[in-house]
Amino acid sequence: MNNKIELIDQLFKHIKIDCSKCFGLCCVALYFSKLDGFPTDKVAGCPCKHLQSDFGCDIHSELRNKGLKGCTSYDCFGAGQKIAQITYRGKSWISSPKLAKQMYEAFLVMRQLHEMLWYLTEAVTLENIVSIKERLQSMIEEIKQMTLLKPEAILEIDIESHRTQVNILLKEAYKLNRQDKKSIQKTSFEKMLIGKDLRKANLKEADLSGAMMIAANLKECDLSGALLIGVDMRDADIRGANLSKSIFLTQAQINTAKGNQFTKLPSRLDRPSCWEK
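Note that the structure is a prediction, hence the values are computed from the model and not measured.

Rules used throughout
- Residues numbered from 1 in each chain as written.
- Predicted model: local features only at pLDDT ≥ 70, side-chain atom pairs only at ≥ 80, totals over all residues.
- Heavy atoms only, no water.
- Salt bridge = Lys/Arg side-chain N within 4 Å of Asp/Glu carboxyl O.
- Helix = DSSP H or I, 4+ residues; strand = E, 2+ residues; numbered from the N terminus.
- Buried < 20%, exposed > 50% of the residue type's maximum accessible area, 1.4 Å probe, protein only.
- Phe/Tyr/Trp six-rings, centres within 6.5 Å; stacked < 30°, edge-to-face > 60°.
- Lys NZ or Arg CZ within 6 Å of the ring centre and 35° of its normal.

Participant: What am I meant to see in the pattern of salt bridges here?
Facilitator: Two side chains carrying opposite charge are able to pair once their charged atoms lie near each other. In the structure shown here, the tally under the stated rule is 12 salt bridges. Arg163 is paired through a salt bridge with Glu115; the nearest N and O atoms lie 3.8 Å apart. You can see Arg163 sitting in helix 8 (residues 159-178) and its partner Glu115 sitting in helix 5 (residues 100-125), a full 48 residues away along the chain. For Glu115, a relative accessible area of 15% puts it in the buried group. With its nearest N and O atoms 2.7 Å apart, the salt bridge here joins Asp232 to Arg234. The exposure class of Asp232 is buried, given its relative accessible area of 17%. One network of salt bridges, in which partners are shared, links Arg111, Glu115 and Arg163.

Structure follows, in structure tokens:
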């Protein structure tokens, strides 16, 4: 079992963030809104006022206390270090200002490519997907090759077309994963679950994709096999909840929720340091 977990973790290694190898791209390229939990309103392409010359944040340790949830929840799926170290080979928007605009635009595309890689990589690890495993691996390899293109070529990628193809594969993988299960969740859930108390609901194997679960009470719930792709989990209470086998769960979703030491997570995700002990 441990060998399988280690193998899965290795698959995700290159699509997890490593800010030490990035040039603070998310702090420059993105549009910020104070209403969304960022330090202040900021136009895309303008550095955040807290970004330092070494690309670190001068209030990083205080972000959670200051209520800057936009900063603490953001995850680029490793696109930042790919742009910095591979696409531009160590050239930053400071050292090469003429490349800055192109770099920001390439980062936004790369982030979407890496997000697709994240979901496809998880899909490969699911059960009962033998019939489409070759197609999944082929799509992973195709997108990996796109991430290695030159900047000009990256900006020409038809993201929507590839996203459509990926979504079809993910849906197939999810359906196949549900086959042969002794107990399949038949209950259909509405998508507007803001503030709902779901502690008594049977959420195992539930299709919650795209649900608005802001501030929902999921304390000690078992979400094994639940489809969580696109779920808005901001301020959702997942203390003591079991998400270790939830499907298509991301670090960004976990970062926005309220958990503790008893919350069970997939090994590929990191437990936020701000969570209750």
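There's more to say after this.
Participant: Would you explain the packing of aromatic side chains in this entry?
Facilitator: Working definition: an aromatic ring pair is given by the centre-to-centre distance plus the angle between the planes. A complete count under the given rule lists 6 aromatic pairs for this structure. Consider the rings of Tyr119 and Phe248, whose centres lie 5.7 Å apart with planes at 85°: the pair is edge-to-face. Linking Tyr119 in helix 5 with Phe248 in the loop between helix 8 and helix 9 (251-256), this pair joins segments that are 129 residues apart in sequence. The exposure classification of Tyr119 matches that of Phe248, with both residues buried. Site record: aromatic cluster; members linked through ring pairs are Phe12, Phe77 and Trp118. Over the ring of Phe32 we find Lys42, and its NZ or CZ is 4.7 Å from the ring centre.

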